[in-house]
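Given next are the chains, with one letter for each unit.
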Amino acid sequence: MRHPLTAILIAALVPLAACAPPESGSTSTPPPHVVAGIDSDSLGEGERLYLDDVLEKAPGTKSGVEWRANVISAEKADLDMLFDGERVDFCKGAPRRDRDSFTAQMGRDKGDFTFLRQEAARAHLC
């Protein structure tokens, strides 16, 4: 009686084990910059993480949608200028600002997206 039950349990659990993610913890979902078609071979790790962070949140605002379209169509030199600009705006001695100060100055849409860019830049580019 025990053997048929064991065989049934094994038959049910083996396919489940095959569906488990690899032990490294990575999944098969590519990062946002890869999905967007951005060639990341010449980008640093921080730059890739910045793009992933902002690309994930970009569709939340009209400014983000426009930024995303510009970044996806950008060439390497344009991306370098973008990263340099973000470092100047948000890293090099620039004070950290809260979301409300951005929205008061720029309006809700642009202010919210600029705040997201600031946070991503401080986390990955500074």
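Above: the structure in question.
Conventions adopted
Residues numbered from 1 in each chain as written. Predicted model: local features only at pLDDT ≥ 70, side-chain atom pairs only at ≥ 80, totals over all residues. Heavy atoms only, no water. Helix = DSSP H or I, 4+ residues; strand = E, 2+ residues; numbered from the N terminus. Expected span 1.5 Å × (residues − 1). Buried < 20%, exposed > 50% of the residue type's maximum accessible area, 1.4 Å probe, protein only. Contact = heavy atoms within 4.5 Å. Phe/Tyr/Trp six-rings, centres within 6.5 Å; stacked < 30°, edge-to-face > 60°. Disulfide = S-S within 2.5 Å.

*Asks:* Can you walk me through helix α3 (residues 45–57) in this structure?
*Replies:* Note on helix geometry: an α-helix contains 3.6 residues per turn, so any two residues three or four positions apart are oriented the same way. For α3, with 13 residues, the first-to-last C-alpha span of 19 Å sits near the 18 Å given by 1.5 Å per residue. Considered for burial, the residues of α3 that qualify are Glu-47, Tyr-50, Leu-51, Asp-52, Asp-53, Val-54 and Leu-55. Those residues of α3 hidden inside the fold are in contact with α2 (32–35), α4 (62–73), α5 (76–90) and α7 (108–124).

*Asks:* Explanation requested: the packing of aromatic side chains in the structure shown.
*Replies:* The geometry of an aromatic ring pair is captured by the separation of the ring centres together with the interplanar angle, meaning the angle of the planes. Inspection of every chain in the model, using the stated rule, returns four aromatic pairs. When the ring of Tyr-50 is compared with that of Trp-67, the centres are 6.4 Å apart and the planes differ by 80°; the resulting orientation is edge-to-face. Separated by 17 residues along the polypeptide, Tyr-50 in helix α3 and Trp-67 in helix α4 bring together distant segments of the chain. Taking the relative accessible area as the measure of exposure, Tyr-50 reaches 0% and is therefore buried.

*Asks:* Before we go on, may I ask you to explain the state of the cysteines in this structure?
*Replies:* Linking two cysteines covalently via their sulfur atoms produces the bond known as a disulfide. Taken as a whole and judged by the stated rule, the model has one disulfide. A sulfur-sulfur distance of 1.8 Å marks the disulfide that ties Cys-91 to Cys-126. Disulfide Cys-91-Cys-126: the torsion about the S-S bond is -80°, which places it as left-handed. Of this pair, Cys-91 sits in the loop between α5 and α6 (99–106) while Cys-126 sits in the segment after α7, and the two are 35 residues apart along the sequence. Classification of Cys-91 as buried rests on a relative accessible area of 19%.

*Asks:* How do you make sense of the environment of Phe-102 when you look at a structure like this?
*Replies:* Within the secondary structure layout, Phe-102 lies in helix α6. Residue classification places Phe-102 among the buried residues on the basis of a relative accessible area of 3%. Through-space distance from the C-alpha of Phe-102 to that of Phe-115 is 6.6 Å; in sequence the pair is 13 residues apart. Setting aside residues no more than four positions away along its own chain, Phe-102 makes contact with Phe-90, Arg-97, Gly-107, Gly-111, Thr-114, Phe-115 and Gln-118.

Just geometry here; none of it tells us what the structure is for.
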